[in-house]
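An overview of the molecular structure
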Amino acid sequence: MKFSDFNLHSDVMQSVDAVGYEKPTPVQELAIPVIMQEKDIIACAQTGTGKTAAYVLPILHIIISDKNRSDSIKALIIAPTRELAVQIDQQMEGFSYFAGVSSIAVYGGGSGTDFEVEKKAIKTGAEVIVATPGRLISHINLGYVDFSQLKILVLDEADRMLDMGFLPDIQKIISHVPPKRQTLMFSATMPGEIRKLARKEMNDPSEINLAVSKPAENVLQAAYLVYDNQKTALLKSLIKGRDLPSVLVFSATKSSVKTLEKELKKLKFNVKAIHSDLEQDERKIVLREFKNREIQILVATDIVSRGIDIDNISLVLNYNVPQDVEDYVHRVGRTARAEKTGIAITFINDREVRNFKNIERFIETDIRKISLPEELGTGPEYDTIPKRNTMHGKFNKNRNPSARNRPKKH
Ligand code: AMP
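Everything numeric in this text was worked out from a predicted model, so none of it was measured.

Below, the discussion takes up the packing of helix 1 (residues 10-19) against helix 3 (residues 51-65). Relative placement of two packed helices is described by the angle separating their axes and the distance separating the axes. In the contact formed by helix 1 and helix 3, the axes pass within 9 Å of each other and the chain directions differ by 150°. Looking at the two axes, helix 1 sits roughly antiparallel to helix 3. Contacts between helix 1 and helix 3 involve D11, V12 and V16 from the first element and L57, L60, H61 and I64 from the second. For the contact of helix 1 with helix 3, a count of residues per class yields 5 nonpolar, 1 polar and 1 charged.

With that out of the way, let us pick up the pattern of salt bridges. Enumeration over the complete set of coordinates arrives at 16 salt bridges. Linking R195 and E207 is a salt bridge whose minimum nitrogen-to-oxygen distance equals 3.2 Å. Of this pair, R195 sits in helix 9 (residues 192-201) while E207 sits in strand 7 (residues 206-209), and the two are 12 residues apart along the sequence. Classification of E207 by relative accessible area gives partly exposed; the value is 46%. The salt bridge partner of K200 is E201, with a shortest N-O separation of 3.2 Å. The exposure class of K200 is exposed, given its relative accessible area of 59%. Take E201: its relative accessible area is 18%, and that puts it in the buried class. Among the charged side chains, a network of salt bridges with common partners joins D228, K231, D350 and R351.

One full turn of an α-helix is made of 3.6 residues, so residues set three or four places apart face in the same direction. Of all the 8 residues making up helix 13 (residues 325-332), 8 are buried; the element is thus mostly covered by neighbouring parts of the structure. Along helix 13, the positions that sit buried rather than exposed are V325, E326, D327, Y328, V329, H330, R331 and V332. Lining the buried residues of helix 13 we find helix 7 (158-163), strand 8 (219-225), strand 9 (247-250), strand 12 (315-318), strand 13 (342-348) and helix 14 (353-363).

So, on to a negative patch on the surface. Taken together, D114, E279, D281 and E282 make up a surface patch of like negative charges. Structurally, the position occupied by E279 is in the loop between strand 10 (271-274) and helix 12 (280-291).

Low pLDDT means the predicted atomic positions in that stretch should not be read closely. Across the chain, the average pLDDT comes to 85, with 87% of residues at 70 or higher. The model gives residues 385-410 a pLDDT under 50, and that stretch makes 48 contacts with residues more than four places away or in other chains.

Looking now at unusual backbone geometry. Unusually for a residue other than glycine, N7 sits at a positive phi of about 60°. Assignment of secondary structure puts N7 in the segment before helix 1. The exposure class of N7 is exposed, given its relative accessible area of 61%. One non-glycine residue, K268, adopts positive backbone phi at about 70°. Relative to the assigned elements, K268 resides in the loop between helix 11 (254-266) and strand 10. Taking relative accessible area as the criterion, K268 reaches 71% and is therefore assigned exposed.

Generally speaking, a soluble globular protein has its nonpolar side chains buried in company with each other. Core analysis: the biggest nonpolar cluster contains 42 residues, and I41, Y55, L57 and L184 have the highest contact counts within it. Considering each element in turn, this core owes the most residues, 10 residues, to helix 3. Aside from chain neighbours lying at most four places away, what touches I41 is A31, V34, I35, T183, L184, M185, F186, M202, P205, S206 and I208. With 36 residues, the next largest nonpolar core counts A126, A158, I174 and V177 among its residues.

Spatially, 7 strands are ordered 10-11-9-12-13-8-14 in an open sheet, and the strand pairing comes out parallel. Each having just a single partner strand, strand 10 and strand 14 (368-370) make up the two edges of the open sheet. Adjacent strand axes in the sheet meet at a mean angle of 25° when their direction is disregarded. Bridge count between strand 10 and strand 11 (residues 297-300): 4 bridges; the pairing is parallel.

Analysis parameters
Residues numbered from 1 in each chain as written. Predicted model: local features only at pLDDT ≥ 70, side-chain atom pairs only at ≥ 80, totals over all residues. Heavy atoms only, no water. Axes fitted to C-alpha atoms, helices over the stretch in contact; angles between N-to-C directions. Helix = DSSP H or I, 4+ residues; strand = E, 2+ residues; numbered from the N terminus. Parallel < 35°, antiparallel > 145°, perpendicular 65-115°, else oblique. Contact = heavy atoms within 4.5 Å. Nonpolar A, V, L, I, M, F, W, Y, C, P; charged D, E, K, R; others polar. Salt bridge = Lys/Arg side-chain N within 4 Å of Asp/Glu carboxyl O. Buried < 20%, exposed > 50% of the residue type's maximum accessible area, 1.4 Å probe, protein only. Patch = residues over 30% accessible without salt bridge, like charges linked within 9 Å, V, L, I, M, F, W, Y side chains within 5 Å. Areas by Shrake-Rupley, 256 points an atom, 1.4 Å probe, with all protein chains shown as cover. Lys, Arg positive; Asp, Glu negative; His and termini not counted. Charge placed at Lys NZ, Arg CZ, Asp CG, Glu CD. pLDDT = per-residue confidence, 0-100. Core = buried A, V, L, I, M, F, W, Y, C linked by side-chain atoms within 4.5 Å. Pairing = 2+ DSSP bridges.

Structure, rendered in structure tokens:
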């Protein structure tokens, strides 16, 4: 299939050509025609599948094909984090270059001036708003947000928003938009709460299910069994002297991220860290430096594992086993974006074996365990804890581990 088969407006097609996409990804093939028909959709698609363009392109098409187009808010996209909101807005801006659709990203954490800029754009009728829930509600509460002409509502990473406790905010936002509208919901997983929300707020949605609760096939996954005190040496031996221009290291907490940054600096690596203690602007700078390959190693908590749009990461390294299988999938999804190949390595310590087995069961893959380099000695055994096969059926039936039991994200 080609992009030209969609019959998108020529101004949208021009930007697709300019961006250089050659053919649509599977989620784009399925979603774009349905959205262009102005129908509701609920799409199970992970970050990295091209889901943003899957809704941005048809939204732009709908907006510019409207003969009665006026200066008003026509589409509202809600996303869980500032990082994701900024990225969506950037794609929106890129794709609307020829179409001339105005958009604004509305997210918390910025300065007072940012709030004023957002307010002005909202009042003067930006056509598309990309917002995090809390910040949008602050604007709504001030009384000047006019959604009366809104046609399209998008909930992106809906499962994440529910996990983060945004359901009341989302419901409040929905109560401010016209009931007659097109609603598009994107979610990496489909827990019961998401289905409930869809039943309540959507109009006979078409369901698009790419069944992608697994890392992409083109990610080479491997793991080392390693005690905590061997980890830094192992990391060094994996990176030193190799051609790995972009390495993303995930660690569990912001304190462990900070410590690891210090240790790697001592070892003379070109490294920076990103975590929730950094201001929005500082995070942006670090991400930009990493994207531009001015930094070789970025150490991060899970705040960047979702939605961060960085291509060509050579290696994703889980310094610890993620508590949550979905986080594993999202972390690993930072490599091998848009059909490139990538490597993801996980360090498993003696206390994390059971958790890693859960991950393997969930993604239905036995991940290759590599022996430690000889000079590091021996690591823990993998088979000290038997696989709990009885869980297998249960896991497969409910492919979404309980959100209620999730640990707090850092
Ligand atoms: P997303 O899942 O929206 O975060 O997209 C992941 C990455 O894939 C982004 O870097 C997009 O620019 C890229 N991408 C999206 N659609 C395509 C396409 N049809 N061809 C090539 N790259 C794409």
